[in-house]
Amino acid sequence: MARVALAFQHQRRRWISLCLLLFFFVHVDVARCFYLPGVAPQDFQLGNELKVKVNKLTSTKTQLPYSYYSLPYCLPEKIVDSAENLGEVLRGDRIENSPYVFKMREPQMCNVLCRVTLDAKTAKAFKEKIDDEYRVNMILDNLPLVVPIRRPDQENSIVYQHGFHVGLRGQYAGSKEEKHFIHNHLTFTVKIHKDPVTELSRIVGFEVRPFSIRHVYDGQWNEKTRLKTCDPHAKALVTNSETPQEVEDKKEIIFTYDVNFEESDVKWASRWDTYLLMADDQIHWFSIVNSLMIVLFLSGMVAMIMLRTLYRDISKYNQLETQEEAQEETGWKLVHGDVFRPPSNPDLLCVYAGTGVQFFGMIVVTMMFAVLGFLSPSNRGGLMTAMLLLWVFMGLFAGYFAARLYKMFKGAEWKKIALKTAFFFPATVFAIFFVLNALIWGQKSSGAVPFGTMFALVFLWFGISVPLVFVGSYVGFRKPAIEDPVKTNKIPRQIPEQAWYMNPAFSILIGGILPFGAVFIELFFILTSIWLQQFYYIFGFLFIVFLILIVTCAEITIVLCYFQLCSEDYLWWWRSYLTSGSSALYLFLYAAFYFFTKLEITKPVSGMLYFGYMLIASYAFFVLTGTIGFYACFWFTRLIYSSVKID
């Protein structure tokens, strides 16, 4: 009786836990926002000080970020760096304080920030940044600064450009000579959501309209000088750039700004919606749904063919009665004595399979966190930090799966395979990353990873990842070896001449098309977010696309593996990995196509950075998709050869 009561109690606890979990998911879905501690709303009273921070200067033409104070902008009394996480440093973020100080709900007009006289060097620096279309990025209450731009093709439709341009190029009326003009007057609009009861306000938007104006004043310049071009007492406000401020040697530039406060119905929890709205949302939705339907249709076809064909084959093989019929066997059963023969270079296959499992685990957990809202854009750099840490800790699974496969291949030196797994892929990526970082250092960009951060990355690798790989390998090697469902012959069977369409290179290249087709639409938006500095936050769709990728990698590899075995070619180990892994080649070719059609990169260093980082991404995609295809084929071969009677 006591046991029954105890069992009932355990069952009741499970139901309570399940209900709490479901409530959590429903609550997150309905609220549509989930914020981590540290990004909770901040309430401001009338007159509270609002401190604007400055971030890096960015350009889609060079992809090289620079510190805000690399240009001779107005300086605060003391430059203070904000604490940055690992992801922010790797992104090139350099968040610092600024001389811009607002007061809550107290508009300011024509505030003079400072006066700067250019010399040849500073004028050249400004001109170079204007030529490369650099943008200034600022932050207020963790919200990035945006410039609202009306879309000419749609009424009442506004898109938001992140940051404002340093300046612009143009010509004076009647002149053909092109000049450089700087945006030296900023009209800020701080959108607030006010509580009518407490009178407390929360910041829900941070916008700016930049202007270029040549300020004019009487007499000698001093702190009390009043500008003729921007004087609220004389109602002379800056509303256009008809008399722009030219950038030349010995030119005087006066930096000014206005601040307006605008009440908004947008609540604090929804303030990021403006930033996350994509300009081509309809195209995005249509493309995703279209891709999903095509891939599901193909997957259904593949599954139907496989089930019908395999069912017929297995039934036929199990009903063979006479010796004459047995001798007339053709197809995949003939190679049962060779199908589990270890491949050439088995150590490398074990390393790649283990590394792929490491990638798979990292992406699955990252996706789960992202879908639940833990990696929202308000947590700047959180996505990259999470991926790095998860990669390090997933080393445990890399070592385990590599050692299990290694032992199945009759390997005896588990430490050797653990060492190769811990160093092969990370060392390759780190070498490419180090070269790219050296190029960024040469350009004196803030995107260069500092020595301290580089040391932290090496510590994560050697201090945490490597030991975890060894622990995983030790545990995996201690497990009993995976037994083959059929015995392997001592003498290898001769492989007959293959048809042209079963040529390894041809079938491998064909196999990569379907997995790439499942992701290439989403890939466009991901590349746009990375290289055109836009936010990407449709992780729900990305997770669906990832599931489609897993299914297509598995199915296309199984189908081609089955055709290969039917043609009496039993060398499936490496081919199964390369079949789905070849989609990485198409990814890299698409990245090259994107570079020449969508980007305006002209500098050789920037081009090298683009192709260097896309090479790393393609290599990682190869390891991930190759591992999915390999383990699908591994499961498939074990399944079919354990389902038939072998005499």
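Source: prediction; values computed, not measured.

## Some points on the overall build of the protein chain
The helix and strand tally for the protein chain stands at 17 helices and 13 strands. For the protein chain, long-range pairs separated by at least 24 residues make up 80% of all intrachain contacts whose partners lie at least 6 apart in sequence. Of the accessible surface of the protein chain, which amounts to about 33800 Å², a share of 62% is contributed by carbon and sulfur atoms.

## Remarks on the side chain of H185
With respect to the helices and strands, the residue H185 is situated in strand β11 (residues 185-194). Residue H185 is classed as buried on the basis of its relative accessible area of 0%. Side-chain polar atoms of H185 contact the side chain of T256, separated by 2.6 Å. Among the polar contacts made by the side chain of H185, one reaches the side chain of D258 at a distance of 3.0 Å.

## A closer look at the packing of aromatic side chains
Throughout the structure, instances matching the rule amount to 64 aromatic pairs. A centroid spacing of 5.7 Å and a plane angle of 65° characterise the contact between Y73 and F255, whose relative ring orientation is edge-to-face. With Y73 in the loop between β1 (49-58) and α2 (86-91) and F255 in strand β13 (residues 252-263), the pair connects residues that are 182 residues apart, well separated along the chain. Both residues of the pair, Y73 and F255, belong to the buried class. Ring geometry for Y610 and F611: centres 5.2 Å apart, planes at 90°, overall edge-to-face. You can call Y610 buried: its relative accessible area is 0%. Positioned above the aromatic ring of Y66, the side-chain terminus of K129 is 4.3 Å from the ring centre. Lying over the aromatic face of Y134, K129 brings its terminal NZ or CZ to 5.5 Å of the ring centre.

## Section: helix α14 (residues 539-566)
For α14, spanning 28 residues, the distance from its first C-alpha to its last is 40 Å, which sits close to the expected 40 Å at 1.5 Å a residue. By the criterion of burial, α14 is predominantly enclosed, with 20 of the 28 residues buried.

## With respect to the nonpolar core
Counting residues in hydrophobic clusters, the biggest one holds 89 residues, and the most contacted among them are L565, W572, W573 and Y641. Leaving out residues up to four positions away in the same chain, L565 has contacts with G331, W332, V335, V339, Y570, W572, T637, I640 and Y641. Grouped together as the second largest cluster of nonpolar side chains are 54 residues, Y66, Y73, I130 and F164 included.

## Quick notes on the state of the cysteines
The tally for this structure, following the rule as stated, stands at 2 disulfides. Two residues share a disulfide in this structure: C74 and C114, whose sulfurs sit 1.8 Å from each other. Of note, the bridge from C74 to C114 carries an S-S torsion of about -75° and is left-handed in sense. Placement of C74 in the loop between β1 and α2 and of C114 in strand β3 (residues 108-117) is noted, with a sequence separation of 40 residues between them. Across the pair, C114 and C74 agree in class, each one buried. One disulfide bridge connects C110 with C230, the sulfur atoms lying 2.0 Å from each other.

## Looking at a nonpolar patch on the surface
Among the surface-exposed residues, L396, F397, F401, V471, Y474 and V475 lie close enough to one another that they form a single nonpolar patch of about 480 Å² accessible area. Elements that contribute at least two residues to the nonpolar patch include exactly α9 (395-408) and α11 (451-478). Owing to a relative accessible area of 43%, V471 belongs among the partly exposed residues under this scheme.

## Some points on the pattern of salt bridges
Taken as a whole, this structure holds 24 salt bridges when the rule is applied. A salt bridge links D43 to R202, with the shortest nitrogen-to-oxygen separation between them at 2.7 Å. Of the two residues, D43 is situated in the loop between α1 (2-31) and β1 and R202 in strand β12 (residues 201-211); the sequence distance between them amounts to 159 residues. Using a relative accessible area of 29% as the deciding quantity, one classes R202 as partly exposed.

## Quick word on unusual backbone geometry
A negative phi angle characterises most non-glycine residues, just as the trans form characterises most peptide bonds. Even without a glycine there, the phi angle at C110 is positive, about 55°. Positive phi is not limited to glycine here, since N345 has a value of about 55°. On the secondary structure map, N345 appears in the loop between α6 (323-327) and α7 (346-371). Taking the relative accessible area as the measure of exposure, N345 reaches 47% and is therefore partly exposed.

## Here we look at the pairing of β13
Bridge analysis of β3 against β13 gives 7 bridges, and the strand direction is antiparallel. When the bridges of β13 are listed, R115 appears paired with I254. Relative to β13, β11 is paired through 8 bridges, and the arrangement is parallel. Bridge assignment links K191 to a residue of β13, and that residue is E262.

## What to know about the environment of R150
Tracing the backbone shows R150 in strand β6 (residues 146-150). Look at R150 and you get exposed, because its relative accessible area is 59%.

## Side note on the packing of helix α12 (residues 504-511) against helix α15 (residues 573-581)
Packing of α12 against α15 brings their axes to within 6 Å, and their N-to-C directions diverge by 40°. Taken together, α12 and α15 sit at an angle that is classed as oblique. Where α12 crosses over α15, the two elements pack in a sense that is right-handed. Along the contact surface, α12 presents P504, S507, I508 and G511, while α15 presents R575, L578 and T579. In the contact of α12 with α15, the residues fall into 3 nonpolar, 3 polar and 1 charged.

## Quick notes on the side chain of D338
Position of D338 among the secondary structure elements: in the loop between α6 and α7. A residue is classified by how much of its surface remains accessible, and D338, at 1% relative accessible area, is buried. Looking at D338, its side chain comes within polar contact range of the side chain of R341, at 2.6 Å. The contact partners of D338, leaving out residues within four places of it in the chain, are N489, I491, P492, R493 and Y570.

Rules of the game
- Residues numbered from 1 in each chain as written.
- Predicted model: local features only at pLDDT ≥ 70, side-chain atom pairs only at ≥ 80, totals over all residues.
- Heavy atoms only, no water.
- Helix = DSSP H or I, 4+ residues; strand = E, 2+ residues; numbered from the N terminus.
- Contact = heavy atoms within 4.5 Å.
- Areas by Shrake-Rupley, 256 points an atom, 1.4 Å probe, with all protein chains shown as cover.
- Buried < 20%, exposed > 50% of the residue type's maximum accessible area, 1.4 Å probe, protein only.
- Polar contact = N/O pair within 3.5 Å; in protein donor to acceptor, adjacent residues only side chain to side chain.
- Phe/Tyr/Trp six-rings, centres within 6.5 Å; stacked < 30°, edge-to-face > 60°.
- Lys NZ or Arg CZ within 6 Å of the ring centre and 35° of its normal.
- Expected span 1.5 Å × (residues − 1).
- Core = buried A, V, L, I, M, F, W, Y, C linked by side-chain atoms within 4.5 Å.
- Disulfide = S-S within 2.5 Å.
- Patch = residues over 30% accessible without salt bridge, like charges linked within 9 Å, V, L, I, M, F, W, Y side chains within 5 Å.
- Salt bridge = Lys/Arg side-chain N within 4 Å of Asp/Glu carboxyl O.
- Pairing = 2+ DSSP bridges.
- Axes fitted to C-alpha atoms, helices over the stretch in contact; angles between N-to-C directions.
- Parallel < 35°, antiparallel > 145°, perpendicular 65-115°, else oblique.
- Left-handed = near helix turned anticlockwise from the far one by under 90°.
- Nonpolar A, V, L, I, M, F, W, Y, C, P; charged D, E, K, R; others polar.

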